[in-house]
Amino acid sequence: MSYTIHGIAVANGIAIGRAHLFSHSSIEVTHYTIKEEQIDQEIVRFKDAIADARDELETLQANIPDNAPTEFSAFLQLHLMILNDGTLSNEPTNLIRHQQCNAEWALRLQMEQLIEQFQLIEDPYLRERQADVVQVVERILKALTGKKSAAMPTWDKDEEIILVAHDLGPADMLVFKNQAFQAFITDMGGATSHTAILARGLSIPSVVALHHAWHIIKEGELLIIDGTCGVVIVNPDETVLTEYRVKQEQWNEQKKKLKKLRLTPAKSLDNEEILLLANIESPQDMDTVKKSGALGVGLYRTEFLFMNRITTPGEEEQFKAYRKVVESMKGQPIIIRTLDIGADKPIDSLSTGHTLNPALGLRAVRYCLSEPHLFKIQLRAILRVSQFGDVHCLIPMISSNHEVNQTMAIIHQAKKELLEEGIAFNQHLPVGAMIEVPAAALALPLILDSLDFISIGTNDLIQYTLAIDRSDDAVAHLYNPAHPAILSLLANTIAFANSTNKPVSVCGEMAGDPRFTRLLLGMGLKEFSMHPAHIPEIKQIILNTDIEKTKKITKKILKTYDFEKINALISELNQH
Ligand code: PEP
Ligand code: MG
């Protein structure tokens with residue numbers, strides 16, 4: 001049966017391929033329908049897994065060490081009881097036989113049923129026993145993994161693979177950077193979650209906030225991913241497939257054409273030169289940066305060097321990574337942002353503490369100031385690479401002058417040490433702040449004096465101004481970059497920085513969104529930093545824009561409060 005699911009478009013393009021269900025949790029399982037002739041075999045597979053799990057538990061029970069706590073035996077006994085009780089094992093057999101579910105899926109469905117019943121129990125001790133049911137299920141699932149199913153769908157090696165996940169963290173995305181997926185989709189996330197930002201970095205179509213796609217889609221099903229409209233079509237018919245193959249072709253052609261603009265200067269019709277810079281996560285991104293025609297790196301998110309590892313990188317390792325980026329830009333500007341840990345970018349080796357609201361907790365510069373030793377190591381590495389190119393240092397999540405002063409004091413200390421050690425660095429390393437907390441935007445005159453430049457992080461500025469978690473799919477529809485409050489903060493920040501002649505750029509996702517290019521130009525923005533894949537398209541808009549002419553309509557937009565009118569005026573601005 002063919003059906004369509006709608007989510008949030010994250011990275012443009014169209015992909016056609018087979019679903020591959022991904023999960024980190026041992027309790028999330030792939031589900032697929034088995035054929036009638038495979039039913040008996042699948043039931044045997046399930047029963048064998050139950051027998052294996054039982055053997056494992058009995059062996060454990062027979063070998064309990066003398067010094068083991070007494071609860072250990074009781075706990076094993078309880079697990080054996082759950083396993084032997086038909087409630088857990090009989091129903092999946094029925095589901096395999098009558099619904100033709102694969103064994104893992106059938107077991108998972110029965111577990112959900114049981115958990116629902118447990119949740120109705122009033123006695124808290126008994127209610128908590130649901131955790132034991134889950135543990136027994138995990139044991140059976142592990143046994144099933146070792147018994148490959150003949151019913152598992154296989155597909156042609158030439159067919160493209162589309163990753164379907166309930167959720168993916170930025171650290172997972174880093175791993176996927178090296179794997180061959182055509183597209184990916186997730187149930188969770190918003191358009192500016194870090195996972196989505198990394199997906200843009202992979203330059204493959206993706207859609208997030210699909211809510212239940214992971215549960216509905218089955219392993220091996222044919223999918224069309226429309227990363228421009230945020231649509232996923234499951235089991236498309238031939239007519240739809242043909243239509244999308246044509247669209248895919250057109251999209252690829254358009255991309256090829258845009259690539260030809262690589263060396264063209266980003267000059268508007270009225271001769272204003274606009275600086276287009278790239279956002280990167282690691283030195284490996286430099287190839288893409290070169291191909292994009294970016295004139296520098298406007299945001300190097302260094303926190304990715306700290307992910308997927310158990311120790312933090314020391315000064316030497318950081319120095320080497322930053323140096324690679326600096327040297328490959330050959331004198332062009334590189335803005336290195338200090339560690340932006342926390343919120344949706346947890347780092348295993350560093351704890352930001354348990355907090356109910358991580359986005360409002362010990363994040364970014366707040367964390368670094370609470371760990372001055374760690375902060376100084378990074379600042380020393382940045383200072384040391386400043387001798388090799390046009391390096392700038394950018395501090396994330398600044399909300400007050402106090403934080404700027406504290407940071408400057410640590411930079412001063414790092415410089416003093418390097419001088420004493422006879423290590424070369426740029427004494428005048430420019431230091432800037434991300435403007436991504438509304439307080440910083442509103443109190444800009446108090447902050448800007450001590451800074452050399454600013455960069456507006458619209459992803460967080462929108463999150464904090466509108467009180468909408470940027471990675472929460474439940475409120476993703478409310479995340480509105482064109483909200484009058486956002487437009488006013490943006491326009492005022494750009495105008496104030498311009499009036500003081502301090503460089504200002506936008507490095508959040510808005511900078512790479514073609515819908516807002518003319519509006520930002522109309523506000524007086526001259527520096528945009530975005531994922532390299534967006535640079536050609538944004539450049540093309542700049543080449544076709546008379547900036548002076550955009551100013552009148554931009555002023556009108558800034559005086560409008562009605563969402564629909566704002567959208568209509570933005571569309572008018574973007575015509576021709
Ligand atoms: C932003 O908040 O807009 C930004 C560029 O920083 P990050 O997305 O890394 O939080
Ligand atoms: Mg940010």
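Cut-offs used in this document
- Residues numbered from 1 in each chain as written.
- Chains lettered and ligands numbered in written order.
- Predicted model: local features only at pLDDT ≥ 70, side-chain atom pairs only at ≥ 80, totals over all residues.
- Heavy atoms only, no water.
- Salt bridge = Lys/Arg side-chain N within 4 Å of Asp/Glu carboxyl O.
- Helix = DSSP H or I, 4+ residues; strand = E, 2+ residues; numbered from the N terminus.
- Buried < 20%, exposed > 50% of the residue type's maximum accessible area, 1.4 Å probe, protein only.
- Domains from an automatic or database assignment.
- Contact = heavy atoms within 4.5 Å.
- Buried area = accessible area lost by both parts, 1.4 Å probe.
- Donors = N, O, S within 2.8 Å, 3.2 Å for Na, K, Ca; no water.
- Near = heavy atom within 4 Å.
- Polar contact = N/O pair within 3.5 Å; in protein donor to acceptor, adjacent residues only side chain to side chain.
- Areas by Shrake-Rupley, 256 points an atom, 1.4 Å probe, with all protein chains shown as cover.
- Phe/Tyr/Trp six-rings, centres within 6.5 Å; stacked < 30°, edge-to-face > 60°.
- Lys NZ or Arg CZ within 6 Å of the ring centre and 35° of its normal.

Student: Help me understand the pattern of salt bridges, please; the structure alone is not making it clear to me.
Tutor: Pairs can form between side chains of opposite charge whenever their charged atoms are close. This structure, assessed with the given rule, holds 21 salt bridges. Between R108 and E112 there is a salt bridge, with the nearest N and O atoms lying 2.8 Å from each other. Of the two residues, R108 and E112 are both situated in helix 4 (residues 103–119); the distance of four residues between them amounts to about one turn of the helix. When its relative accessible area of 17% is taken as the criterion, R108 is described as buried.

Student: Would you explain the domain arrangement of the chain in this entry?
Tutor: Note on interface size: it is often stated as the accessible area lost on association of the parts. When cut into domains, the chain gives domain 1 (3–24 + 150–247), domain 2 (36–145) and domain 3 (272–573). Using only C-alpha atoms to locate each centre, domain 1 and domain 3 end up separated by 29 Å. Listed by partner, the interface residues are 23 residues for domain 1 and 21 residues for domain 3. Around 1800 Å² of area is buried between domain 1 and domain 3 when both sides are counted, 55% of it from carbon and sulfur atoms. On the surface where domain 1 and domain 3 come into contact, there are zero salt bridges.

Student: Looking at this structure, how should I read the coordination of the magnesium ion (ligand 2)?
Tutor: Six octahedral donors around a metal ideally make angles of 90 or 180 degrees; four tetrahedral donors ideally make 109.5 degrees. Coordination sphere of the magnesium ion (ligand 2), protein contribution only: E436 (OE) and D460 (OD), at 2.0 to 2.1 Å. Here E436 is found in the loop between strand 13 (431–435) and helix 16 (438–442), whereas its partner D460 is found in helix 18 (residues 458–466), with 24 residues between them in sequence. As far as the burial class goes, E436 and D460 line up, both buried.

Student: Got a minute to help me understand the site of ligand 1 in this structure?
Tutor: Around ligand 1, the structure places 17 residues, and the nearest of them are R301, R337, G457, N459 and R470. The side chain of R301 places a nitrogen or oxygen atom 2.8 Å from an oxygen atom of ligand 1. A distance of 3.1 Å is found between an oxygen atom of ligand 1 and a backbone nitrogen or oxygen belonging to T458. When ligand 1 is considered free in solution it has 290 Å² of accessible area, and contact with the protein chains removes 100% of it. Of all the secondary structure elements, the ones that give two or more residues to the shell around ligand 1 are helix 8 (194–202), strand 10 (297–301) and helix 18. With three residues, the top contributor of residues to the shell around ligand 1 is helix 18.

Student: Please clarify how the packing of aromatic side chains should be interpreted in this entry.
Tutor: When we look at a pair of aromatic rings, we describe it by the centre distance and by the angle of the planes. In total, this model carries two aromatic pairs according to the counting rule given. Summarising the aromatic geometry, the rings of Y300 and Y322 are spaced 5.6 Å apart at their centres and angled 90° between planes, so their arrangement reads as edge-to-face. One end of the pair, Y300, is in strand 10; the other, Y322, is in helix 12 (residues 315–328), and 22 residues separate them in sequence. For the pair Y300 and Y322, one class covers both residues: buried. Summarising the aromatic geometry, the rings of F319 and F388 are spaced 6.1 Å apart at their centres and angled 50° between planes, so their arrangement reads as tilted. With a gap of 69 residues between them, F319 in helix 12 and F388 in the loop between helix 14 (372–385) and strand 12 (391–395) connect regions that are remote in the sequence. We classify F319 as buried; its relative accessible area is 8%. With relative accessibility at 28%, the residue F388 sits in the partly exposed group. Just above the ring of F388 sits the side chain of R323; from NZ or CZ to the centre is 4.0 Å.

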